[in-house]
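Survey of secondary and tertiary structure
Given next are the chains, with one letter for each unit.
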Amino acid sequence: MTSTVPFVSNGVANGNGKNDNIADHLQPGELDQLQVEVADKVRDLLRSLVIDIDNDHNTHETAERVAKMYLQEVFKGRYHQQPKVASFPNVKQLDEIYTVGPITVRSACSHHLVPIMGNCWIGIKPGARGIGLSKFTRVADWVFSRPHIQEEAVMILADEIEKLCEPQGLGIIIKAQHYCMKWRGVKEPQTSMVNSVVRGDFRHDPSLKQEFFELVRQQEALLST
Ligand SMILES: [Zn+2]
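Bear in mind that the values here come from a model prediction, so they are computed numbers and not experimental data.

Structural notes on the pairing of strand 3 (residues 115-125)
For strand 3, the buried fraction is high: eight of the eleven residues fall into the buried class. Where strand 2 (residues 98-109) meets strand 3, nine bridges bridge the pair, whose relative direction is antiparallel. Residue pairing for strand 3: Val-105 is matched across the bridge by Gly-118. Taken together, strand 2 and the strand that follows it, strand 3, pair antiparallel across an intervening segment of five residues, in which Leu-113 is found at a positive phi of about 60 degrees.

Here we look at the packing of aromatic side chains
Evaluated as defined, the whole model comprises three aromatic pairs. Ring plane angle 20 degrees and centroid distance 4.9 Å describe the contact between Tyr-70 and Phe-75, whose orientation is recorded as stacked. Pairwise contacts between aromatic rings join Phe-202, Phe-212 and Phe-213 into one cluster. It is Lys-175 that lies over the ring of Trp-121; its NZ or CZ is 5.5 Å from the centre. Sitting above the plane of the Tyr-179 ring, Lys-182 keeps its charged end 5.4 Å from the centroid.

So, the coordination of the zinc ion
Summarising the metal site, the zinc ion is bound by the protein donors Cys-109 (SG), His-112 (ND1) and Cys-180 (SG), whose distances to it range over 1.8 to 2.2 Å. Counting residues between consecutive donors of the zinc ion along the chain gives the motif C-x2-H-x67-C. Residue Cys-109 is found in strand 2, and its partner Cys-180 is found in helix 7 (residues 179-182); the two are separated by 71 residues along the sequence. The pair Cys-109 / Cys-180 is uniform in exposure class, with both members buried.

Regarding the nonpolar core
Ranked by internal contacts, the top residues of the largest apolar core, which has 31 residues, are Cys-120, Ile-122, Phe-136, Leu-157, Ile-161, Ile-172 and Ile-174. Those elements that place two or more of their residues in this core are strand 2, strand 3, helix 5 (133-144), helix 6 (150-165) and strand 6 (169-178). In terms of residue count, the dominant contributor to this core is helix 6 (eight residues). With residues near it in sequence (within four places) discarded, Ile-161 still touches Ile-122, Ile-124, Phe-136, Glu-166, Pro-167, Leu-170 and Ile-172. Within the second largest apolar cluster, eleven residues are counted, among which are Val-8, Leu-31, Leu-34 and Leu-71.

Details of the pattern of salt bridges
This model, assessed by the stated rule, comprises twelve salt bridges. Across the pair Asp-40 and Arg-43 runs a salt bridge, and its minimum N-O distance is 2.8 Å. Taken as a pair, Asp-40 and Arg-43 lie in helix 2 (residues 30-48) at a separation of three residues, close to a single helical turn. When the shortest N-O distance is used, the salt bridge between Arg-43 and Glu-64 registers 2.5 Å. One end of the pair, Arg-43, is in helix 2; the other, Glu-64, is in helix 3 (residues 62-74), with 21 residues separating them in the sequence. On the basis of relative accessibility, which here comes to 22%, the residue Arg-43 falls in the partly exposed class. Salt bridges here are not isolated pairs; linked through shared partners, they connect Asp-40, Arg-43 and Glu-64.

Section: the sheet that holds strand 6
Strands sit in the order 5-2-3-6-7 across an open sheet of five strands; the sheet is mixed. Two strands in the sheet have a free side with no partner beyond their single neighbour: strand 5 (147-148) and strand 7 (192-200). Alignment of strand 2 against strand 5, held across two bridges, turns out to be parallel. If you follow Cys-109 over to strand 5, its bridge partner there is His-148.

So, how was this worked out
- Residues numbered from 1 in each chain as written.
- Predicted model: local features only at pLDDT ≥ 70, side-chain atom pairs only at ≥ 80, totals over all residues.
- Heavy atoms only, no water.
- Buried < 20%, exposed > 50% of the residue type's maximum accessible area, 1.4 Å probe, protein only.
- Helix = DSSP H or I, 4+ residues; strand = E, 2+ residues; numbered from the N terminus.
- Pairing = 2+ DSSP bridges.
- Phe/Tyr/Trp six-rings, centres within 6.5 Å; stacked < 30°, edge-to-face > 60°.
- Lys NZ or Arg CZ within 6 Å of the ring centre and 35° of its normal.
- Donors = N, O, S within 2.8 Å, 3.2 Å for Na, K, Ca; no water.
- Core = buried A, V, L, I, M, F, W, Y, C linked by side-chain atoms within 4.5 Å.
- Contact = heavy atoms within 4.5 Å.
- Salt bridge = Lys/Arg side-chain N within 4 Å of Asp/Glu carboxyl O.

This is the structure:
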């Protein structure tokens, strides 16, 4: 890989085959350096696409905007540290399940880098520790702000939530629309993809899993009232 940014050129952040966060590898100033480099390469891409960035005033600064958008916004979950999430002990030893949702998720498909937009529901059977409800939204946003395929994104989110609050049971459902299918390809505007992951007691106890899906159904019904 050709890069002027040391952590990229020395391969520290590559070779593991994972779509994880690389913030710990970045030295101060390297993200800014990377943004300049990405802008340079987007400029080259636009020129190869024969978009007249020198004379068309609308695309004059597009390369800088696109670089900033990827590194600071839509792919921030790759480069920026996870939002701080404090966990607290489950003093009353609550063990009834609860669900949080819908949480808006936004990502981009790894294959074409076009948007994936959807909703996520998270179900928890509490374990030794808990986290605040809003933290699920922050962690989901951080995980999804990377290029993804939906089937893997849900697993990565499940791993992060398990690390944060070690639930006895965890369920996640994602329903998303893929601009890969809406904007290009088969151009099918209404199709969505739904997938889920269940872990711990949700996986081993069918009635608990059923309860999770039923609670999500009720939350969805609330949306249409
Ligand atoms: Zn795609």
